[in-house]
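# Structure assessment
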Amino acid sequence: MIRLASVFCLLLCLNSCKTHPVEVSKPTFGLIANKAMVVSARAEASRIGVAILKKGGNAFDAMMATEMALAVSYPFAGNLGGGGFMVYRMADGTVGALDYREKAPKAAFKNMYLDASGEVQPEKSQLGALAVGVPGTVAGIFEAHKKFGTLPIQDILSPVIHLAQKGYVVTEKQQRRFTNYRELFLTVNKDTIPYAKDIIAGDTIKNIALATTLQALIDKGRDGFYKGAVAEKLVNHLQENGGILTLDDLASYKAVWRKPVQFTYKDLTVISMSPPSSGGTCLAQIMKMIEPYDIKQYGHNQEKTIQLLTEAERRAYADRSYYLGDPDFVTIPLDTLISATYLGKRMQNFNFERATPSVEVSHGKLPGYESDETTHYSIVDQFGNTISVTTTLNGAYGSKLYNIELGFFLNNEMDDFSSKPGVPNMFGLIGAEANAIAPEKRMLSSMTPTIVEKNNKLWMSVGTPGGSTIITSVLQTILNVSEFDMTMQDAVNAPRFHHQWLPDVVIFEPNAFDQELLKNLKNKGYTIDQQESQIIGKVDGILVREDGTLEGGADKRGDDTAMGF
């Protein structure tokens, strides 16, 4: 079904398709607010974030509150035991980025997940203590607060502690997730953990252990996590379960301020995350590759649009696998990778008559160069500051290893390294030497927290979970509004598709695309996959409308909620 969000597009359709009338739905608007807004994966987190703003806090105060509230109410991806990225834009137009991605422990080494035959043992990088990278989330929220925050830590975290003590109500979607992963919880953890119990929708889950951990952050700041009793309990638990993370790894961890990837697309300026996230680079490559084409004329989710995006994605993900890694360890030719000259050459062998098989697409040649599960929230405060934050444990509930004493899951981010060049990780992404394991190295990520300007003014804050589908979900959401005139809510709700070079498959959300269209794509050489339960991202975004009000887009695929005032 064609979904168009403007009268102009409706008239075009009626004029050109008179013999094939199309039912066009009215635009759906998300929550509208006048001053400030938080959109996150849980109503509890959005509510606490907005309460901090109403108290006079800014976006960075609300960041700490929202992030920790997600750790309480959304253990699927909200965390203390993971990491993430934040892109910001201040009211005066100043932009920046914060990298609080996890790092490999100092005892990590390149072939640590290979067996005696040199074959990858994926369970070791995906389940249990050996999969855990040094967590960065707590360092990230304290670093952001140190630079920009205004409210006392106690004022920010007290409501989150209250939430942990009072508990949150389990939704039907949460119940399904707890049930799906129950056996893995029991397999990985030696003792029964609270989330391995028979939990049903409507139950209230309290987390007193996490409330105590959060109190340590109020009492001692970031050192309440990276040093002292919490650190000792964390390290002892990991090492008892075969992990290699040490107290020294925790004490030496630091979040890093980065320069974001910044580029133009037609009348937009896009500010997105730089390496070790691949998000901003791939987003820039794809948008610059499609910029010369009249995508608006092709139509939303129509054959030529799908072909164009798929082929640009194919080339960007091929480059991702070869060139991108931790910039503190490898040289990344970022300016060349996102240059119009280079990207024009990358698209020279594209045409609308046939698919370009991925076996025919490798990384681009650069002169002189040698070589799902996350959660996102967007915040716009009453002062005009904006942040876009994506945070993760990597897989659902991370390594599945849960610390009962501290009240949280640990990440399995070590799987985001290239355990062996050419071998895919849990998201099917293939890496090369640039993303090989090394002590204290940050693993490559697909997280794409993004802020968009229009006419030098704030226009959108957007991002999503979804592993390798993050980049393409953010891309399509921006295009849905900028090219196809959708509301923020319709842009978030619209059916999505995804391609990532290898495997050479285009994934479509099931029952959302015209079968004749998919048949035509198959005839041109595209391999189509419509998995029954495939969800491609759960996008959360905020759009600044022409009248200056804010519209929140909270993805219907989850329990995501927008709140504002």
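Predicted model, so just to flag it, every value in this text is computed and none were measured. (Residues numbered from 1 in each chain as written. Predicted model: local features only at pLDDT ≥ 70, side-chain atom pairs only at ≥ 80, totals over all residues. Heavy atoms only, no water.)

## Concerning the packing of aromatic side chains
Quick note on the threshold: Pairing of aromatic side chains here covers Phe, Tyr and the six-membered ring of Trp, requires ring centres within 6.5 Å, and sorts the geometry by plane angle: under 30 degrees stacked, over 60 edge-to-face, intermediate tilted. Helix and strand assignments come from DSSP, with helices taken as H or I runs of at least 4 residues and strands as E runs of at least 2, each series counted from the N terminus. Residue burial is assigned from relative accessible area. The probe radius is 1.4 Å, only protein chains are included, and a residue is buried under 20% of its type maximum, exposed over 50%, and partly exposed in between.
Taken as a whole and assessed by the stated rule, the structure comprises 27 aromatic pairs. Ring centres of F148 and W257 lie 6.0 Å apart, and the angle between their planes is 85°; this geometry places the pair in the edge-to-face category. Separated by 109 residues along the polypeptide, F148 in helix α5 (residues 137–148) and W257 in strand β7 (residues 256–258) bring together distant segments of the chain. A relative accessible area of 18% places F148 in the buried class. Taking the centre distance of 4.9 Å and the plane angle of 75° together, the rings of F508 and F513 count as edge-to-face. Side by side, F508 and F513 carry an identical accessibility label, which is buried. Connected via pairs of aromatic rings, a cluster forms that spans Y74, F76, F178, Y181, F185, Y195, Y397, Y402 and F409.

## Let's talk about the UniProt feature "binding site: L-glutamate" (unreviewed entry) in the protein chain
Stated precisely, the cut-off is as follows: UniProt positions are given in the numbering used here, feature names are shortened, and annotations may be inferred rather than shown by experiment.
Mapped onto this numbering, the UniProt entry annotates "binding site: L-glutamate" (unreviewed entry) at R101, T392, L393, N394, D416, S445, S446 and G467. For L393, the location among the structural elements is in strand β11 (residues 386–394). Overall, the relative accessible area of 0% leaves L393 in the buried class.

## Some remarks on helix α8 (residues 208–220)
We apply this condition: Any helix carries an expected span of 1.5 Å times its number of residues minus one. Residues count as neighbours in contact if any of their non-hydrogen atoms are within 4.5 Å of one another.
The end-to-end C-alpha distance of α8 is 19 Å, a good match for the 18 Å that 13 residues give at a rise of 1.5 Å each. Here α8 has its buried residues at L210, A211, T213, L214, A216, L217 and I218. Its buried side turned inward, α8 meets α3 (59–73), α5, α6 (153–166), α9 (223–226), α10 (228–240) and β13 (408–409). Residue G221 follows α8 closely and has a positive phi angle near 65°.

## Description of the nonpolar core
As a reminder, the rule being used: Throughout, nonpolar core names a set of buried Ala, Val, Leu, Ile, Met, Phe, Trp, Tyr and Cys residues whose side chains join them through atoms within 4.5 Å.
In terms of nonpolar packing, the biggest core is built from 87 residues, with L80, M86, Y195, F225 and I387 touching the most fellow members. Per-element tally for this core: the top contributor is α3, with 11 residues. Each residue touching F225, except ones within four places of it in the same chain, is listed here: L80, P135, V138, L217, V230, A231, L234, L250 and F408. Judged by nonpolar contacts, the second largest core, of 81 residues, contains I290, A318, A355 and A554.

## Things to note about the pairing of strand β8 (residues 261–265)
Defined as follows: Whether two strands pair depends on DSSP finding at least two bridges between them.
Burial along β8 is one-sided: V261, F263 and Y265 are buried, while Q262 and T264, pointing the other way, are not. Two elements, β8 and strand β9 (residues 268–272), share 5 bridges in a ladder whose sense is antiparallel. Bridge pairing in β9 links F263 to V270. Taken together, β8 and the strand that follows it, β9, pair antiparallel across an intervening segment of 2 residues, in which K266 is found at a positive phi of about 55°.

## A word on helix α7 (residues 172–188)
Applied cut-off: A residue's bend is simply the angle between two axes: one fitted to the seven residues ending at it, one to the seven starting at it.
With 17 residues, α7 should cover 24 Å at 1.5 Å per step; its first-to-last C-alpha distance of 24 Å lies within 8% of that length. Taken as a whole, α7 carries its principal kink of about 50° at Y181. Those residues of α7 not exposed but buried are Q174, R177, F178, F185 and V188. Looking at the buried positions of α7, the neighbouring elements they touch are α3, β5 (168–169), β6 (204–205) and β13.

## Things to note about the sheet that holds strand β18 (residues 528–529)
Taken together, the 3 strands give an open sheet; going across it, the order is β16-β17-β18, and neighbouring strands pair in mixed fashion. This sheet does not close on itself; its edge strands, each paired only once, are β16 (497–498) and β18. Sheet topology places strand β17 (residues 506–508) next to β18; 2 bridges connect them, and they run parallel. Counted as the bridge partner of V506 is I528 from β18.

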